[in-house]
Amino acid sequence: AAYVVGFAAYRRQRRGRGDALGALERLQTGAAAICGAALGSKVLHHLNDWEGLMAHLGEPAYLAGGRTIVGGLAGGLLAVETTKRVLGIRSRTGELYAIPLCIGIAVGRVGCFLTGVEDETWGVPTDLPWGLRAGDEWARHPTPLYEIAFVVLLAVGLRAGRGALRRVSGREFQIFLGAYMGLRFAVDFLKPTATLIAGLTPIQIVAGLVALHQLFLLARGAGSVPSSENVA
C-alpha cells in the first residue's frame, strides 16, 4: 500500500510540477534509486541485528527478509548521486520525491503499528499516559505513531512552504531527508535495539551522518538562487 500510494503521489507531483529531467534520465535515476534502496535497506537492517545475522548467515530466507527505511533512503541517495555523476546529470532530481516519500512512509508505518511488538518498530515500555500495548504485557512508546505524525506534518510544511523554498534555494528534498533522518536518530533511542558504538545503533549512525550532511548542504546553499546545481 505504501509503494502504491507513494508512487501515485509522485506521478501527481510530476504532472503538476513538471520534470527537469528527460524521460530517459528519469528512468535511469529512478532505477538507480530503486536498486540502491533495496540493497541499502537490507544491508543496514542486517547490520543492525548483527547477532541474528551471524546466527542465520547461511539461510537465504533470513537474508532476503528484513528492511529499514533509513538504509533504503541512504542507499537510494548514494546510488542516485553516483549515477548522476557518471551520466553528467546536474539537474535536481529529488524535489518530486519529498512529499510522496512522506506519504509512503506514513502509510507503511500504519502497518508497523498494526503488526505490534513483533515488527520490532515499537518502543520500550513507558509509564507515559499515551503508552499503548503492542501485543505483550507492557505499555510501550507507540513509535510508529510518532513517525506518522512527524512525516504528515513535514509533508504539510513542505507543501505550504513550497513557494518560499523555490525562491530561496529549491532544497525541498534536502529538508525532507535531513528532517526525517534527524527524527530517526532521536526516536530510535526509544527502541529496544542493541547498540554498536557510543550507545548508538548502526541505523542511528547512518541516520545521524545523513542528517548532518543534509544540514551542511542546506547551510551552504542558504540564500542561493536555484540553478542546475546537483542537489540530489
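Treat the numbers as computed from the prediction; the structure is a model and nothing was measured.

What counts and what doesn't
Residues numbered from 1 in each chain as written. Predicted model: local features only at pLDDT ≥ 70, side-chain atom pairs only at ≥ 80, totals over all residues. Heavy atoms only, no water. Helix = DSSP H or I, 4+ residues; strand = E, 2+ residues; numbered from the N terminus. Salt bridge = Lys/Arg side-chain N within 4 Å of Asp/Glu carboxyl O. Buried < 20%, exposed > 50% of the residue type's maximum accessible area, 1.4 Å probe, protein only. Core = buried A, V, L, I, M, F, W, Y, C linked by side-chain atoms within 4.5 Å. Contact = heavy atoms within 4.5 Å. Axes fitted to C-alpha atoms, helices over the stretch in contact; angles between N-to-C directions. Parallel < 35°, antiparallel > 145°, perpendicular 65-115°, else oblique. Nonpolar A, V, L, I, M, F, W, Y, C, P; charged D, E, K, R; others polar. Patch = residues over 30% accessible without salt bridge, like charges linked within 9 Å, V, L, I, M, F, W, Y side chains within 5 Å. Areas by Shrake-Rupley, 256 points an atom, 1.4 Å probe, with all protein chains shown as cover. Lys, Arg positive; Asp, Glu negative; His and termini not counted. Charge placed at Lys NZ, Arg CZ, Asp CG, Glu CD.

Draft legend 1. Expanded view of the environment of Arg-12. You can see Arg-12 is positioned in helix H1 (residues 2-17). Sequence separation of Arg-12 and Pro-100 is 88 residues, and the distance between their C-alpha atoms is 9.3 Å.

Draft legend 2. Main features of the pattern of salt bridges. Overall, the coordinates contain 8 salt bridges when judged by the stated rule. Here Glu-147 makes a salt bridge to Arg-109, at a shortest N to O gap of 3.0 Å. Remark: Arg-109 occurs in helix H6 (residues 98-115) and Glu-147 occurs in helix H7 (residues 143-160); sequence separation between them is 38 residues. Arg-109 shares its class with Glu-147; the two are buried.

Draft legend 3. The arrangement of the nonpolar core in detail. Phe-176, Leu-177, Tyr-180 and Met-181 are the most contacted members of the largest nonpolar core, which totals 26 residues. Among the secondary structure elements, those contributing two or more residues to this core are helix H5 (69-87), H6, H7, helix H9 (172-187) and helix H10 (202-221). Sorting elements by how many residues they give to this core places H9 first, with 7 residues. When near neighbours in sequence (up to four residues on either side) are disregarded, Tyr-180 contacts Ile-69, Leu-73, Ile-105, Arg-109, Glu-147, Phe-150 and Val-151.

Draft legend 4. A look at the packing of helix H2 (residues 23-48) against H10. Taken N-terminus to C-terminus, the directions of H2 and H10 make an angle of 130 degrees; their axes are 8 Å apart at the nearest point. When the axis of H2 is compared with that of H10, the two are oblique. Together, Leu-44, Leu-47 and Asn-48 of H2 and Pro-202, Ile-203 and Val-206 of H10 make up the contact between the two elements. When its residues are assigned to classes, the contact of H2 with H10 shows 5 nonpolar, 1 polar and no charged.

Draft legend 5. Spatial organisation of a positive patch on the surface. Positive charge collects at one region of the surface, where Arg-11, Arg-12, Arg-15 and Arg-159 lie side by side. A per-element tally of the positive patch places H1 first, with 3 residues. Mapping Arg-11 onto the fold places it in helix H1. Note on Arg-11: relative accessible area 46%, which makes it partly exposed.

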